[in-house]
Amino acid sequence: MTIDEFEKQAHSMVDFMVDYLRNIEGFPVKSQVSPRQIYDALPPQPPQDAESMDDIMSDFKTTILPGITHWQSPYFHAYFPGNSSYPSLLAEMLTATMGAQCMIWETSPAAAELEQMVMEWLRDAMTLPSDWEGVIQDTASTATLCALISAREKYTNFDVNNEGFGNHRLRVYCSTETHSSIEKGVKIAGIGKNNLTKISVDENNAMNPRELEDRIREDIKNGVKPICVVAALGTTGTTAVDPILELSRICKEYDVWLHIDAAYAGSALILPEYQHLIQGIADADSFVFNPHKWLMTNFDCTAYYVKDRSYLVNSFSITPEYLKTNTQGQVNDYRDWGVPLGRRFRALKLWFVIRNYGIKGLQKVLRSHMALAKWLEGEVLTHPDFEMMAPMNFNLVCFRWNPGGKDEAFLEKGNKAIIDEVNASGMAYLTHTKVKGDYVIRVVIGQTYVEKRHVERTWTLIREASAKI
Ligand SMILES: *Cc1c(COP(=O)(O)O)cnc(C)c1O
């Protein structure tokens, strides 16, 4: 492709992008293809001769697009959103155009320094402690792994990095509702999943601090070193919030690393009315949240904050000859702040988003999502055949159809049938969870451009599907 041909193609690509986003409500939200349908439609051999962009784009539309689930549809209510927005998308175009690999300061000083500044902007907007430092990671799973490894090295005095585990017996704690990335991280960090203690939860699905304290005491008595408590600020199932103040007191008393997993709900901390949730955070050690979930910034973009960078950097830094620079020590070389060496320029999209919305603009979007969720909760509460199944802390509505007089097995089948029917219609996408063993419909209202009419139609679809049971 010549640059002139690129110019022509790039213009028509922008036309396609605009058409796609303008018409996004017309696509089936959840891809309707069956397993292997896409694979079987693809040629088994790569072309030996060059193919035209017209042919490639035409195949993209006919073969690939049907196998896409449309995460930017305002009828996407599944999982948690993977948000985007127009300014974020524009920044991603620039990032791809420059194609810079930002592993160290010298390989693009602006990437390192912009990252430092946007992390500080967000930290201050969320009222995290002003001396904490932030770094952008690919995912919350990676950031939590970094927290676990930092805690491991802190409490073994870097023995594990240097010598391996030896006789160290370490333990990590989280609630039964915490995200599976904690268990994954404990496995990868070599701590072992049998050394992850899951603490029970209360009626609001939040960790029981009494039980945590008992288990920590017991472990210490038995010669096992508690190294880390992972608190959830917004669990994946129901957005439950662990008692951060109480957990930070316990972690301080027993000298345990406190990591806060706010992957989804952390974005809400840009709202003053939610900042009480992080009372006690000054005694925590690390905090993660995903602007790529609910802050209108394209995947991937995870913000990871630490109180004391030395545990992170000393756990991860390596300086082979070819990475030695004159600026070492004067600048942040973010390759030392996480697992990968190579890094995308992710700060750019965050900068575009924060500037183009303004903090007030972002607050307005989040508040509108909360208000829409509140509306749906009201509908559920006043409908005789539906019931709320978990307290609503943010914008996730957990409820089920329950007309009365049916056993649990019937209700599970019925609610599953509602979700399947709505998803098969292509008109909205819902997923489920279990709350205290009961099958529950989850409706997340967090897509960037979702409006009242979308939520109303989804609610109508759910009621229509329930009427067919
Ligand atoms: C989504 C989620 C994660 C995992 O996020 P990734 O960025 O996909 O790794 C972890 N914890 C919680 C609470 C989540 O909601």
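Residues numbered from 1 in each chain as written. Predicted model: local features only at pLDDT ≥ 70, side-chain atom pairs only at ≥ 80, totals over all residues. Heavy atoms only, no water.

A. Layout of the overall build of the chain. From N to C terminus, the chain includes 15 helices and eleven strands. Scaling as 2.2 N^0.38, a compact globule of 469 residues should have a C-alpha radius of gyration of about 23 Å, and the chain matches this with 24 Å. When each of the 469 residues of the chain is scored for burial, the buried share is 51%. Long-range pairs, those at least 24 residues apart, make up 74% of the contacts in the chain with a sequence separation of at least 6. Computing the positive centroid from 47 side-chain charges and the negative centroid from 59, the chain places the two 4 Å apart. (Helix = DSSP H or I, 4+ residues; strand = E, 2+ residues; numbered from the N terminus. Rg over C-alpha atoms; globule rule 2.2 N^0.38 Å. Buried < 20%, exposed > 50% of the residue type's maximum accessible area, 1.4 Å probe, protein only. Contact = heavy atoms within 4.5 Å. Lys, Arg positive; Asp, Glu negative; His and termini not counted. Charge placed at Lys NZ, Arg CZ, Asp CG, Glu CD.)

B. Layout of the side chain of S267. Topologically, S267 is positioned in the loop between β5 (257-261) and β6 (286-289). Residue classification places S267 among the buried residues on the basis of a relative accessible area of 0%. Setting aside chain neighbours within four positions, we find S267 in contact with F289, N290, W294, L295 and L366.

C. Quick look at the environment of W375. Counting through the fold element by element, W375 comes out in helix α13 (residues 347-382). A residue is classified by how much of its surface remains accessible, and W375, at 23% relative accessible area, is partly exposed. Between the alpha carbons of W375 and V455 there is a distance of 9.0 Å; along the sequence they are 80 residues apart. Other than its neighbours up to four places away in sequence, W375 contacts K452, V455, E456 and W459.

D. Seen up close, the nonpolar core. Of all hydrophobic cores here, the largest spans 68 residues; its most connected members are L233, I260, F287 and F394. The dominant element in this core, judged by the number of residues it contributes, is α13, at nine residues. In terms of domain composition, this core takes at least three residues from each of domain 1 (1-30 + 69-84 + 359-469) and domain 2 (100-344). Sequence-distant contacts of I260, that is, excluding residues within four places in its chain, are made with A231, L233, I244, I281, A284, S286, F287 and V288. (Core = buried A, V, L, I, M, F, W, Y, C linked by side-chain atoms within 4.5 Å. Domains from an automatic or database assignment.)

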